[in-house]
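Structural overview for review
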Amino acid sequence: SLLSRAVSNVINNSIESIDKENGLIKITANAYNGFITLTISDNGCGIDDKYHTQVFDKYFSLNKKEGKGLGLSFVRQLIERSDGYISL
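Throughout what follows, the structure given in this document is the object of discussion. Computed from a prediction, not measured in an experiment: that's the story for all the values here.

It is worth spelling out the pattern of salt bridges at this point. What the rule picks out here adds up to one salt bridge. Put simply, K20 and D19 hold a salt bridge, and the shortest N to O gap is 3.1 Å. A relative accessible area of 54% means that D19 is categorised as exposed.

As structure tokens, this is what we get:
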């Protein structure tokens, strides 16, 4: 499904961002008034506040050595096709 592909992509981004020997990824879900809020967090290197809106732009990447900057823009497209919303 579109949602599982989006979640998988975000989790893969979390895995790639962890720069510690003991990485941690936390996933929580809450249902309220027919909506589900899914929160995915990790103890990776983090993203500076000034990039929070840009990370969902096509071809934007903080890691120029890996990837092409399409992952999170793809996730946003999948979420929006499902009438959802994504934020950082």
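Within the largest apolar cluster, eight residues are counted, these being A6, V10, V55, F56, L72, V75, L78 and I79. Elements with a contribution of two residues or more to this core: α1 (2–17) and α2 (71–81). Ranked by residue count, the leading element in this core is α2, at four residues. Sequence-distant contacts of L78, that is, excluding residues within four places in its chain, are made with L2, R5 and A6.

This paragraph deals with the packing of α1 against α2. Put simply, α1 and α2 touch, their axes get as near as 9 Å, and they point 150° apart. Between α1 and α2, the angle is such that the two are roughly antiparallel. In the packing of α1 onto α2, the handedness of the crossing is left-handed. Residue-level contacts link L2, L3, R5, A6, N9, V10 and N13 of α1 to G71, L72, F74, V75, L78, I79 and R81 of α2. Each residue belonging to the contact of α1 with α2 can be placed in one class, and the counts come to nine nonpolar, three polar and two charged.

By the element assignment, S17 lies in helix α1. S17 sits in the buried class, given a relative accessible area of 19%. Apart from residues no more than four positions distant in its own chain, S17 is found in contact with D42, G44 and C45.

Rules used throughout
Residues numbered from 1 in each chain as written. Predicted model: local features only at pLDDT ≥ 70, side-chain atom pairs only at ≥ 80, totals over all residues. Heavy atoms only, no water. Salt bridge = Lys/Arg side-chain N within 4 Å of Asp/Glu carboxyl O. Buried < 20%, exposed > 50% of the residue type's maximum accessible area, 1.4 Å probe, protein only. Core = buried A, V, L, I, M, F, W, Y, C linked by side-chain atoms within 4.5 Å. Helix = DSSP H or I, 4+ residues; strand = E, 2+ residues; numbered from the N terminus. Contact = heavy atoms within 4.5 Å. Axes fitted to C-alpha atoms, helices over the stretch in contact; angles between N-to-C directions. Parallel < 35°, antiparallel > 145°, perpendicular 65-115°, else oblique. Left-handed = near helix turned anticlockwise from the far one by under 90°. Nonpolar A, V, L, I, M, F, W, Y, C, P; charged D, E, K, R; others polar.

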